[in-house]
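# A look at the structure
This is what each chain is made of:
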Amino acid sequence: MAHLLELKDIALNYHTLKDETKAIENISLFVDSKEFISIVGPSGCGKTTLLSIIAGILSPSTGTILLDGSPLSENKNKIGYMFQRDHLFEWRTVLENVKLGLEITHNKDPANKEYLDELIEKYGLKDFVNKYPHHLSGGMRQRVALIRTLVLRPEILLLDEPFGALDYQTRKTVIQDVSSIIAREEKTSILVTHDLGEAVSLSDRIIVLSKRPSIVKATFKTNLRKIASIEERKRTDEYKITVDKIWEELQD
Amino acid sequence: MKRQVNYSKEHLRYLARHKRHSALILCSQLGILVLFIALWELFAYLGIINTMILSSPSRILTTIGDLYQSGDLFYHIGITLYETVLGFAIATILGCLIAILLWWSETLRKILDPYIVVLNSLPKIALGPVIIIWFGAGMQSIIVICVLITVIITIISMLNAFRECDKDKILLMRSMGANKFQILTKLILPASLPQFVSVLKISVGMSWVGSIMGEYLVSSAGLGYLIVYGSQVFKLDLVMASTILLCLLASVMYFLVALLEKYVNKKRGRL
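This is a predicted model, so every value here is computed, not measured. (Residues numbered from 1 in each chain as written. Chains lettered and ligands numbered in written order. Predicted model: local features only at pLDDT ≥ 70, side-chain atom pairs only at ≥ 80, totals over all residues. Heavy atoms only, no water.)

## Looking at the overall build of chain A
Where we set the bar: Think of it this way: any DSSP run of H or I at least four residues long counts as a helix, any run of E at least two long counts as a strand, and we number them from the N terminus. In this treatment the radius of gyration is a C-alpha quantity, and the globule benchmark scales as 2.2 Å times the residue count to the 0.38 power. Here, residues are in contact when the closest pair of their heavy atoms is within 4.5 Å. Asp and Glu count as negative and Lys and Arg as positive, but His and the ends of the chain are not part of the count. Lys charges are placed at NZ, Arg charges at CZ, Asp charges at CG and Glu charges at CD.
Per the secondary structure count, chain A includes nine helices and ten strands. Relative to the compact-globule value of 18 Å for 252 residues, chain A shows a C-alpha radius of gyration of 18 Å, a close match. Summarising the internal contacts of chain A: among those between residues at least 6 apart in sequence, 71% fall at separations of at least 24. Each charge sign in chain A was given a centre, from 35 positive and 37 negative side chains, and these centres are 2 Å apart.

Written out as C-alpha cells, the structure is:
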C-alpha cells in the first residue's frame, strides 16, 4: 500500500558567505494515513527544519517528497501547520482568526462554513467567537489555533512543539484536548517535540533523529493510542520502556 | 449599562486614593499654568519685567482680540493649519507607501538604505533655499519643506514596524498559502497599526516644525509669518500671541491623534 507521505533522501544545506552548513544529511521516512508520528532529537538537529520542508516553506537541497503519490509542490494546501505559539492575530476576533486560512485560500464553499461552525460548536468556542484572543486562556487560544488549521481540512497536520509555550497545568489539559480532537477528526499528524513523554504518549511511531547533520537514527512503535486518556497511557509499562529506550538512543 | 459592583471597603479606599492622586496631578498641572500666568501678569503690572521684550498675558489677549476684530486671526490660523495638515497628510501617505515599497523589496531597501540614512541625518531646513528656487516663493515651498521634514521619520518608523512583525506569523500565513500581498494586508499592516498611530503623534509635531520653518523662510501669511513679522518690527505682543496660538493648535492636533490612538486600542479590545 502506498504511504500518504513519503520523504526520499531529503538533505538540506544552509549557505552563508563564510560557510555551508549541512542541516539535514539524508532523511527518508514515510507516514501512513491517520497515523500520529513524533520526531525527536537533540537540540538543533533540524526537527523544525524538516517540518518546514514538509510544509513547503523550505525547499530541500536534494530529495523528493510525495504526498498521495504526487510531488508535494502540487499538494501544498493539503498540509496544516501548528506552531509552538498559537500566533493568533490579536486584532481579529476568534471567528476572524479561525477564518484566516479560508480567506487566504478564497474558500467560500458553504460546506467549509458548516464545518467551521461545527468545529466551533464541538470544541466549546461558540460563546467566544466575538471575543479577542487576549480574552482567552492559554488552552483556548491553542484550541482556536488548532481549529484555524483544521478548517482547511489538511490531510496532514504538522505540530511544531505546540505545547512548548504553555505552563504545566494548561499543557496537560491542552495535550489531552488536542490529542482527542486529532483522533476524532482522524487526522494524520507529525509532531516535533523535545519532550519524550509527550512524543511517546501521543504517537503511533517515534522517529529519533541524530545530531546535525541529521539522519534517522531509530524508529519506535507503540500501541498506546488505543487508550483514550493520556495520563493512563503514561502509567503503562509500554510507555515507560519506550521512553527509556529513546532516552538511551539519544544518549549514544 | 453601567455594571453594579459591590466593592470591599479596602477596594473603595484604593479607588478613593487613586481619585485623590489623579485630582492632585490635574490641580498641580493647572496650578503651574495659572501661577505662571498670574506671576507674569503681576510682574508686568509692577514693572519688574519689561513688557516690550516679554509682553504680558493681558497684552497677548488684547493682541489676539485685535487680530480677531481685524479678521486676520482666522486667516493666518487657516493658512498655517492648511499647510500643516496638507503637509502632514502628504508625508504620512507618501511615507507609508515608500515604507511598504521598501518592505516589499529587500533589494530596493538595501539600495536606498544609505540615501535614507543621509536624508535622515541632514537638517532638512538646509534645503530650504533650494526648495524655494524649485517650487517658488509661496505656499508650495512651505508644504514641500513640511513634507520633507515629516516624511523621513514616517518612512523609517513604519519600515521598522513592518520588519519587526513576528516572523513566525509570516511563516504561518505562508504555510496557509498566502501570497505577499495577503501577508501585507492581513498581517503586516494591521499588526503595525499601533506603531502607525505612534508615528502620527511624532509626525504632528514634525509637521508644525516644517510649516513654521517654511513660513520663516518664505511667506506672507500664517502664524510663522506673524512671528517673523512681529520680531522684525519689535512687536513682541504679536510674537507671543502667535506662539501661544501655535501651542494651542499643535496641542489640539496632538489631542486628536491621541483620541485616534484610544479609538484604535478600543477597537482592538485593549481597553
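## Some points on the nonpolar core
Defined as follows: Nonpolar core, defined: a set of buried Ala, Val, Leu, Ile, Met, Phe, Trp, Tyr and Cys residues in which side-chain atoms within 4.5 Å join the residues together. Per-residue accessibility, obtained with a 1.4 Å probe over protein chains only, is compared with the maximum for each type, and a residue is labelled buried under 20%, exposed over 50%, and partly exposed between these values.
Leu5(A), Leu50(A), Leu158(A) and Ile190(A) are the most contacted members of the largest nonpolar core, which totals 60 residues. Examining the composition of this core, we find that eight residues originate from one element, helix 7 (residues 139-163) of chain B, more than from any other. Discounting chain neighbours no more than four positions away, the residues touching Leu5(A) are Leu29(A), Phe30(A), Val31(A), Ile54(A), Ile65(A), Leu66(A), Leu67(A), Ile156(A) and Ile190(A). Val98(A), Val144(A), Leu146(A) and Leu166(A) belong to the second largest nonpolar core, which has 33 residues in total.

## Quick notes on a nonpolar patch on the surface
Residue and element names in this part refer to chain B. Short version of the rule: Patch membership requires more than 30% relative accessible area and the absence of a salt bridge. Residues of like charge join within 9 Å; the nonpolar side chains Val, Leu, Ile, Met, Phe, Trp and Tyr join within 5 Å. Exposure was quantified through the Shrake-Rupley algorithm and a 1.4 Å probe, taking into account, for residues, occlusion by the shown protein chains and nothing else. We define a salt bridge as a side-chain nitrogen of Lys or Arg found within 4 Å of a carboxyl oxygen belonging to Asp or Glu.
A cluster of nonpolar residues, Leu 35, Leu 39, Leu 42, Phe 43, Tyr 45, Leu 46 and Ile 48, forms a patch on the protein surface that exposes about 740 Å² of accessible area. Note on placement: Tyr 45 falls in helix 1 (residues 9-46). With a relative accessible area of 71%, Tyr 45 lands in the exposed category.

## Observations regarding the sheet that holds strand 9 (residues 205-209) of chain A
All names here are of chain A. For the record, the criterion: Two strands form a pair only when DSSP identifies at least two bridges running between them. To obtain an axis, a line is fitted to C-alpha atoms, over the contacting stretch when the element is a helix, and the angle between two such axes runs from 0 to 180 degrees between their N-to-C directions.
Strands sit in the order 5-4-1-2-10-9-3-8-7-6 across an open sheet of ten strands; the sheet is mixed. Two strands close off the open sheet at either side, each with one partner strand: strand 5 (70-71) and strand 6 (79-82). As defined by bridge partners, strand 6 adjoins strand 7 (residues 156-160) across four bridges and the pair is classed as parallel. When the bridges of strand 7 are listed, Met 82 appears paired with Leu 159. Strands strand 1 (5-15), strand 2 (20-31), strand 3 (36-40), strand 4 (62-67), strand 6, strand 7, strand 8 (188-192) and strand 9 of the sheet are contacted by helix 1 (residues 47-55), whose axis makes an angle of about 120° with strand 1.

## Focus on the pattern of salt bridges
Going through the model one piece at a time under the given rule, you end up with 23 salt bridges over all chains. The salt bridge involving Arg109(B) is made with Glu106(B); its shortest N-O contact spans 2.8 Å. In this pair, Arg109(B) and Glu106(B) both sit in helix 5 (residues 106-121), three residues apart, roughly one turn of the helix. Across the pair Glu106(B) and Arg163(B) runs a salt bridge whose closest N-O atoms are separated by 3.7 Å. Of this pair, Glu106(B) sits in helix 5 while Arg163(B) is found in helix 7, placing the two residues 57 residues apart along the sequence. Using a relative accessible area of 35% as the deciding quantity, one classes Arg163(B) as partly exposed. One connected set of salt bridges, linked through shared partners, spans Asp68(A), Lys78(A) and Glu155(A).

## A few points about the interface of chain B and chain A
Stated formally: Defined here as a combined quantity, buried area equals the accessible surface (1.4 Å probe) lost by two parts on assembly, summed across both. For this analysis, a polar contact is any N or O atom pair within 3.5 Å, provided that within protein one partner can donate a hydrogen and the other can accept it, and provided that sequence-adjacent residues contribute only side-chain to side-chain pairs. Each residue gets one label: Ala, Val, Leu, Ile, Met, Phe, Trp, Tyr, Cys and Pro are nonpolar, Asp, Glu, Lys and Arg are charged, and the others, such as Gly, are polar.
At the interface, 20 residues of chain B touch 21 residues of chain A. Taken over both partners, the interface formed by chain B and chain A buries close to 1900 Å², and the fraction arising from carbon and sulfur atoms is 64%. Counting the surface chain B buries against chain A, the share from its top three residues, Leu172(B), Met176(B) and Lys186(B), is 32%. Inspection of the region where chain B meets chain A yields two salt bridges. Across the salt bridge formed by Arg85(A) and Asp166(B), the nearest N and O atoms sit 3.0 Å from each other. The interface formed by chain B and chain A includes four residue pairs in polar contact (both at pLDDT 80 or more). Residue assignment for the side of chain B that touches chain A shows that the elements contributing at least two residues are helix 8 (167-175) and helix 9 (180-191) of chain B. In terms of residue count, helix 8 of chain B provides more of the side of chain B that touches chain A than any other element does, seven residues in total. Among the residues forming the side of chain B that touches chain A, the class breakdown is eight nonpolar, four polar and eight charged.

## Regarding the domain arrangement of chain B
Heads up, the condition is: Where each domain starts and ends comes from a domain assignment, either automatic or drawn from a database.
One can read the domain layout of chain B as domain 1 (9-49) and domain 2 (58-267). With centres defined by C-alpha atoms, the gap from domain 1 of chain B to domain 2 of chain B works out at 32 Å.

## A short note on the packing of aromatic side chains
Stated precisely, the cut-off is as follows: We call Phe, Tyr and Trp rings a pair once their centres come within 6.5 Å, taking the six-membered ring for Trp, and we label the pair stacked below 30 degrees between planes, edge-to-face above 60, and tilted otherwise. Only when the NZ of Lys or the CZ of Arg is both within 6 Å of the ring centre and within 35 degrees of the ring normal is a charge said to sit over the ring.
In this structure the tally under the stated criterion is six aromatic pairs over all chains. With centroids separated by 5.9 Å and ring planes inclined at 85°, the aromatic side chains of Tyr68(B) and Phe74(B) adopt a geometry described as edge-to-face. For Phe74(B), a relative accessible area of 54% corresponds to the exposed category. Between the aromatic rings of Trp103(B) and Trp104(B), the centroid separation amounts to 6.1 Å while the plane-to-plane angle is 80°, which identifies the pairing as edge-to-face. Over the face of the ring belonging to Tyr115(A) we find Arg153(A), whose NZ or CZ atom lies 4.2 Å from the ring centre. In this arrangement the basic side chain of Arg205(A) is found over the ring face of Phe30(A), its NZ or CZ atom lying 4.3 Å from the centre.

## Quick look at the environment of Gln29(B)
Residues and elements named next belong to chain B. Within the fold, Gln 29 resides in helix 1. Judged by relative accessible area, which is 49%, Gln 29 ranks as partly exposed. Taking C-alpha positions, Gln 29 is 34 Å from Gln 232, a pair spaced 203 residues apart along the chain.

## Details of the pairing of strand 7 of chain A
All names here are of chain A. Inclusion rule: For a crossover, the right-handed case is the one in which the path from the first strand over the helix to the second runs clockwise, viewed with the strands pointing away from the viewer.
Among the five residues that make up strand 7, five are buried, leaving the element largely enclosed by the rest of the structure. Where burial is concerned, the two faces of strand 7 agree: the one with Ile 156, Leu 158 and Asp 160 and the one with Leu 157 and Leu 159 are both buried. Pairing analysis gives five bridges linking strand 7 to strand 8, with the strands arranged parallel. Considered in strand 8, the bridge of Asp 160 is made with Val 192. Crossover connection from strand 7 via helix 6 (residues 168-184) to parallel strand 8: handedness right-handed.

## Remarks on a positive patch on the surface
Together, Lys9(B), Arg13(B), Arg17(B) and Arg20(B) give the surface a local cluster of positive charge. Examined against the element boundaries, Arg20(B) turns out to sit in helix 1.

## Regarding the pairing of strand 2 of chain A
Residue and element names in this part refer to chain A. Pairing between strand 1 and strand 2: eight bridges, direction antiparallel. Across the sheet, the residue bridging to Leu 7 is Leu 29, located in strand 2. Hairpin geometry of strand 1 and strand 2 is characterised by an intervening segment of four residues between the two adjacent antiparallel strands. Direction of pairing for strand 2 relative to strand 10 (residues 214-221): parallel, over a ladder of two bridges. In the sheet register, Asn 26 faces strand 10, and the bridge partner there is Ile 215.

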